[in-house]
Amino acid sequence: MAGRRCLLALLLLLAAFGPVRAAPLDSALDLVTGNDFAPFTGADVPEGGLLTEIVRRAFDEVGLRYGVRFMPWRRGYDGVLAGRFLDTFPYARTPDRAMEMLFSDPLLEVRQLVHLSTHSGMVFRSPEDFRGRTVCAPGSYALPRESPADLAACVRMVASGRVDAFVIDEFTGRSAVAKAMAGDEIRVASLPYARAGHHLILSRSLPEAAAILVAFNAGLRKLKDGGAFEEILRRHLSAAP
C-alpha cells in the first residue's frame, strides 16, 4: 500500500513539475490501439498515426514512456478492462463506456460526416433521416447502428448501394474512400452528423488511473501550448489522402 501511495505521488509530481527521469508505471503494461483508422492510428501509418504520435509525445512531456501495440479494437478494449494493458485510444465518449472507463481530455475534436451511397436517394438533415434507412457502422465505432467488423466493409457496402450510408469523421472517411477507390460511388452530406472528441481511456478499476490521467492531461497541455501539437497535425494531415 505504501508503494502504491508513492507511485500516485510520483505521477502527480510529474504532472505538476514537468519531465523528470523516472521509471514507467509498469514497463510490462503497453498502450494499445487499432488499425483501419488512418490517419489517426495504424501500424502501417507513419509514426503509428497522428493520435499515436500525440499520445506518445504527451507522455514524453511528463517523463513517462510506454510501448504501443496494434491489435483488434475489441481485444484491446477488453485487455484494458482486464488490466493486461495500461490504456487504449482513441475512443469517443459514450454512456456505456463511461461506466467502465475514465476519459482523458480530448486528443482531438473532429466532425462526424454522413457518407451516402450515390445509389441511394437518402438526404441527411438530422438523425431523424436515418429512420427506415440502413446505416452501416463498424462494431468499434460510436455510431448510429452496428454491422460489420471494420470500416473497409462499410465503405464497400455503401459504394455498392447495399446500405444507404456510414458515419465517420471527415479525415478517416476521406482516407477510407480513397483507399477503396470509391470516390464516384460515395457522396458526403452537406451537414455534419455531430462533433466528437477522441480520447485516451483507462479502466476505472485501475487504482492509478486518475493520477495517470492527471499526468497525461498535463503533458497534452504542454504539447499544445508549446506549438508541437499543431506541427504534428499539419505533418500528418498534409500527408493524408
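All values derive from a computational prediction rather than experimental measurement.

What counts and what doesn't
Residues numbered from 1 in each chain as written. Predicted model: local features only at pLDDT ≥ 70, side-chain atom pairs only at ≥ 80, totals over all residues. Heavy atoms only, no water. Helix = DSSP H or I, 4+ residues; strand = E, 2+ residues; numbered from the N terminus. Buried < 20%, exposed > 50% of the residue type's maximum accessible area, 1.4 Å probe, protein only. Contact = heavy atoms within 4.5 Å. Areas by Shrake-Rupley, 256 points an atom, 1.4 Å probe, with all protein chains shown as cover. pLDDT = per-residue confidence, 0-100. Core = buried A, V, L, I, M, F, W, Y, C linked by side-chain atoms within 4.5 Å.

Visitor: I'm lost on the overall build of the protein in this one. Help?
Guide: Along its length, the protein carries eight helices and nine strands. Residues counted as buried form 50% of the 241 residues belonging to the protein. Considering only contacts within the protein whose residues lie at least 6 apart along the sequence, 73% involve residues at least 24 apart. When the accessible surface of the protein is summed, it comes to about 11500 Å², and 53% of that surface belongs to carbon and sulfur atoms.

Visitor: Could you clarify how one ought to interpret the environment of Gly197 in this entry?
Guide: With respect to the helices and strands, the residue Gly197 is situated in strand β9 (residues 194-203). Residue class for Gly197 comes out buried when judged on its relative accessible area of 15%. A sequence separation of 107 residues divides Gly197 from Pro90, and the C-alpha atoms of the two residues are 8.8 Å apart. With sequence-adjacent residues up to four places away left out, Gly197 is seen in contact with Tyr91, Ala92, Arg93, Leu108 and Glu109.

Visitor: Can you walk me through the confidence of the model for the protein in this structure?
Guide: Atomic detail in the predicted coordinates should be set aside for any region of low pLDDT. For the protein, per-residue confidence averages 84 on the pLDDT scale, and residues scoring 70 or more make up 83% of the total. Here helix α1 (residues 2-17) stands out as the least confident element of the protein, with mean pLDDT 50; strand β4 (residues 101-103) is the most confident, with 97. Between residues 17-28, whose pLDDT stays under 50, and residues either more than four places distant or in other chains, the model counts 23 contacts. This model gives residues 143-147 a pLDDT under 50, and the stretch forms 18 contacts once residues within four places in sequence are excluded.

Visitor: Quick question: what am I supposed to make of the nonpolar core here?
Guide: Here is a general trend for soluble globular proteins: nonpolar side chains tend to be buried in one another's company. Membership of the largest hydrophobic core comes to 58 residues, with the highest contact counts inside it found for Ile54, Phe59 and Phe166. Sorting elements by how many residues they give to this core places helix α7 (residues 209-225) first, with eight residues. Beyond its immediate stretch of four places on either side in the chain, Phe59 contacts Leu31, Leu64, Tyr66, Asp87, Leu200, Ile212 and Phe216.

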